[in-house]
Amino acid sequence: MTLRPALVNVKALDDSAVGRFWAEALGWSVAGEGSGATAAQPVGFDWLDPVGVCVDVVAVPEPKTTTKNRVHLDLATTSVAQQTELVTRLKALGAKPAHVGQGDVPWTVLADPEGNEFCVLEPREIYQDTGPIARVVVDCADPRAMARFWDEAMDWTLHEVTDDHALWRPAKGVGPYLEFRRSPDVKTVPDRVHLDLVPDPGDDKAAEVARLGALGATDLDVGQGDVPWTCLVDPEGHEFCVLARS
């Protein structure tokens, strides 16, 4: 039994506007606009058979707080010139500079039109073949504990574990990385951004949810009601969902 990350779920007051921003930012197309959820996805993306992830922006009534998101995207570049050009283009699309205590660093921290932080990385060899998203970054207290849970929870390949971070990539060796990175910040509000995972064909969602519970996940009630997905939190309290294939 396996689960694969399929969607980076972003909450927004205006899912259409934020979804269009991310589609333009990543050079992807828009899907589902007007339904309360707007996806930015590459051509040919199939969430039922995901190799990487797409960005799914879901409408919510609550605005983002001033608290920094504990999950964010890092965008890849292939040269310093492209990094500069991308930052300029993103600002023209509505991104704003963001200050999260980064100091003097070679990457640029921005926020989307509703304040969700993300980074435009300087060129790094490891991210030259990831596509526009270099990695999905999750702040955590204990990367080794997160490695134990998430390596059992999903079928992405674990590349590295240290006291400072744990790093995965899809088993096929394409698409973005997932990094759980040590952070001193304490979780105080629900995550504005989270991962959605999908079972492989033939796997039973209820059995997968039970398996995650045995690994240390717990149920989460956010008022979702009777829906085909299951909301959970990992052992550190990061929210995520297991999607039904139907």
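Residues numbered from 1 in each chain as written. Predicted model: local features only at pLDDT ≥ 70, side-chain atom pairs only at ≥ 80, totals over all residues. Heavy atoms only, no water.

Asker: Could you give an account of the packing of helix α3 (residues 143–153) against helix α4 (residues 205–215), naming the residues involved and the relevant values?
Answerer: Two numbers describe how α3 lies on α4: the axes approach to 10 Å, and their chain directions differ by 160°. Comparing the axis directions of α3 and α4 gives the class roughly antiparallel. Note that α3 runs across α4; the crossing there is right-handed. In this structure, α3 uses F149, E152 and A153 to contact α4, whose residues at the interface are R211, L212 and L215. Across the contact of α3 with α4, the residue classes break down as four nonpolar, no polar and two charged. (Axes fitted to C-alpha atoms, helices over the stretch in contact; angles between N-to-C directions. Helix = DSSP H or I, 4+ residues; strand = E, 2+ residues; numbered from the N terminus. Parallel < 35°, antiparallel > 145°, perpendicular 65-115°, else oblique. Left-handed = near helix turned anticlockwise from the far one by under 90°. Contact = heavy atoms within 4.5 Å. Nonpolar A, V, L, I, M, F, W, Y, C, P; charged D, E, K, R; others polar.)

Asker: Can you break down the packing of helix α1 (residues 15–26) against helix α2 (residues 80–93) residue by residue, with the values?
Answerer: In a pair of packed helices, the angle between the axes and the distance between the axes together describe the arrangement. In contact at an axis separation of 10 Å, α1 and α2 are set at 160° when each is read in the N-to-C sense. With respect to their mutual orientation, α1 and α2 come out roughly antiparallel. Our pair here, α1 against α2, has a crossing hand that is right-handed. Between α1, through F21, E24 and A25, and α2, the contact on the second element is made entirely by L86, R89, L90 and L93. Tallied by class, the residues present in the contact of α1 with α2 amount to five nonpolar, no polar and two charged.

Asker: I'd love a proper account of α2, names of residues and values included.
Answerer: Between its first and last C-alpha atoms α2 spans 20 Å; for 14 residues at 1.5 Å apiece the expected length is 20 Å, and the two agree. The inward-facing, buried residues of α2 abut α1, β5 (71–75), β7 (108–111) and β8 (117–120). Taken from the residues just after α2, G94 is the one with a positive phi, measuring 120°. (Expected span 1.5 Å × (residues − 1).)

Asker: Can you explain the nonpolar core? Please cite residues and give values.
Answerer: Proteins that are soluble and globular tend to have nonpolar side chains buried together. Ranked by internal contacts, the top residues of the largest apolar core, which has 55 residues, are W22, V55, L90 and W150. Excluding anything up to four places from it in sequence, W150 contacts W168, F180, L197, D234 and F240. L121, A134, L167 and Y177 belong to the second largest nonpolar core, which has ten residues in total. (Core = buried A, V, L, I, M, F, W, Y, C linked by side-chain atoms within 4.5 Å. Buried < 20%, exposed > 50% of the residue type's maximum accessible area, 1.4 Å probe, protein only.)

Asker: Give a detailed account of the pattern of salt bridges, specifying residues and quantitative values.
Answerer: Summed over the entire model, instances satisfying the criterion amount to 14 salt bridges. The shortest N-O distance in the salt bridge between E117 and K64 comes to 3.2 Å. Of this pair, E117 sits in strand β8 while K64 is found in the loop between β4 (54–59) and β5, placing the two residues 53 residues apart along the sequence. The two residues E117 and K64 agree in class, both being buried. One network of salt bridges, with partners in common, ties together K68, D139, R181 and D185. (Salt bridge = Lys/Arg side-chain N within 4 Å of Asp/Glu carboxyl O.)

Asker: For the sheet that holds β8, give the residues involved together with the corresponding values.
Answerer: Taken in spatial order, the eight strands line up as β6-β7-β8-β5-β9-β12-β11-β10 in an open sheet, and their pairing is mixed. At either margin of the open sheet sits one strand with a lone partner, and together these are β6 (96–97) and β10 (157–161). The sheet contact formed by β10 and strand β11 (residues 165–169) spans four bridges and is antiparallel. Bridging from a neighbouring strand, E160 pairs with L167 of β11. Set on the sheet, α1 makes contact with β5, β8 and β9 (133–140); between it and β5 the angle comes to about 30°. (Pairing = 2+ DSSP bridges.)

Asker: So what's going on with the packing of aromatic side chains? Which residues, and what values?
Answerer: Following the criterion strictly, the structure yields nine aromatic pairs and no others. For the ring pair Y127 and Y177, a centre distance of 5.7 Å and an interplane angle of 75° mean the geometry is edge-to-face. In this pair, Y127 is assigned in the loop between β8 and β9 and Y177 in strand β12 (residues 177–182), connecting sequence segments 50 residues apart. A single burial state applies to Y127 and to Y177, both of which are buried. Relative to F180, the ring of W168 has its centre 5.8 Å away and its plane inclined at 80°; by these criteria the two rings are edge-to-face. With W168 in strand β11 and F180 in strand β12, the pair connects residues that are twelve residues apart, well separated along the chain. Like F180, W168 is buried. (Phe/Tyr/Trp six-rings, centres within 6.5 Å; stacked < 30°, edge-to-face > 60°.)

These figures come from the coordinates and say nothing about function on their own.
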